[in-house]
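Now for the letters of each chain:
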Amino acid sequence: KLTLLRDKYKYSDADVKMIIEILRFAKDEMSGYMRKSGRPYFEHCIGMAGCLLDVGAPLELALSGLVHSAYVFGKQAQDLTNADDICELRKRVVADVGLGVEYYLWSYTIFPRPNLGDSAMWIAREGIERGLPKTTKMFPRLRGSLLGHLCNELDEFYHFDQRFGQNRYRSQAFRENATYVLNKLGYPELAEKLNTLFAKHIQLDNPASEPEKQYKETEGKLAKKLFEVFKSSFKQHYQPSPRKFHRIVDFDKIDEHYILAHFDDHYGQLENLCPDIPLYEPPVNVEP
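Rules behind the numbers
- Residues numbered from 1 in each chain as written.
- Predicted model: local features only at pLDDT ≥ 70, side-chain atom pairs only at ≥ 80, totals over all residues.
- Heavy atoms only, no water.
- Core = buried A, V, L, I, M, F, W, Y, C linked by side-chain atoms within 4.5 Å.
- Buried < 20%, exposed > 50% of the residue type's maximum accessible area, 1.4 Å probe, protein only.
- Helix = DSSP H or I, 4+ residues; strand = E, 2+ residues; numbered from the N terminus.
- Contact = heavy atoms within 4.5 Å.
- Salt bridge = Lys/Arg side-chain N within 4 Å of Asp/Glu carboxyl O.

S.K.: Give a description of the nonpolar core that names residues and reports values.
M.R.: Core analysis: the biggest nonpolar cluster contains 75 residues, and Val-67 and Leu-190 have the highest contact counts within it. For this core, the leading source of residues is helix H9 (residues 139-158), giving 8 residues. When neighbours within four sequence positions are excluded, Val-67 is seen to be in contact with Ile-22, Phe-25, Ala-26, Val-101 and Leu-105.

S.K.: Lay out unusual backbone geometry with the relevant residues and their values.
M.R.: Of note in this structure, Lys-10 is not a glycine but carries a positive phi near 60°. In this fold, Lys-10 is placed in the loop between helix H1 (2-9) and helix H2 (13-30).

S.K.: Lay out the environment of Leu-52 with the relevant residues and their values.
M.R.: As for its position among the elements, Leu-52 is in helix H3 (residues 41-54). The class of Leu-52 is buried, set by a relative accessible area of 0%. In this structure the C-alpha to C-alpha distance between Leu-52 and Cys-151, which are 99 residues apart in sequence, comes to 6.4 Å. Among residues more than four places away in sequence, those in contact with Leu-52 are Ala-57, Leu-61, Ala-62, Gly-65, Leu-147, Gly-148 and Cys-151.

S.K.: Describe the pattern of salt bridges, naming the residues involved and giving the relevant values.
M.R.: Taken as a whole, this structure holds 7 salt bridges when the rule is applied. Among the salt bridges present, the one from Lys-91 reaches Glu-88, with a minimum N-O distance of 3.5 Å. In this pair, Lys-91 and Glu-88 both sit in helix H5 (residues 83-97), 3 residues apart, roughly one turn of the helix. Accessibility expressed as a relative area gives 33% for Lys-91, which makes it partly exposed.

Below is the structure:
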């Protein structure tokens, strides 16, 4: 598979070596975790990275998809207790995956909302409409993070992971804002794929035909069974721990209007949380 990827994307031997090393790191960090749907979490990481490759994201951004939950669900993240622990973990991750991949991973983690939802997409759209791409130095972080989050959405909804969680479908406002954002960023095909998947999930929640009704009934029974299994005796092995990172940094409770009015300050505070880590400047010619 790596040979095929090398031929398709013209990767160098150094690129292939980096891919292998990050695959190993991601597998070590995510091994043993499963989605509520029963799918191994590492498969989801592969799917997100594949989406980023397909839309033409830079290699380092695509590879960040493999480790996108390292600071939240990763095995090393389970020991976090304070901001200093976060910085030490970031240093270890930089050593393992490189500064460029960690840049996108960090960007993904410090997105203004820990879970992608209506408010997060509202922030993104309002930011673009207010000209953040031209007025803020932190916009490259937001741009890479947005693309990563929406590729994460594509994989989750494609594999029906969301059917077994709380977010069974996305609101009309979310879909409209996500479409706007992706079109502005130059990814209309990804917006179309997402809208198709969102519509299918809504249809399943409002079945019209007998096969759809039977599917929903079967799905409900399976969801109940999976909940019983993964929320009980197997919890310590398969369910990620609470999001310690977000509680430690406590940035997810900030008002959306404040984020937009003080965008550079908001991101800058998080950027400077670990001053010992060198700043990374993504090459302009490969930035999405």
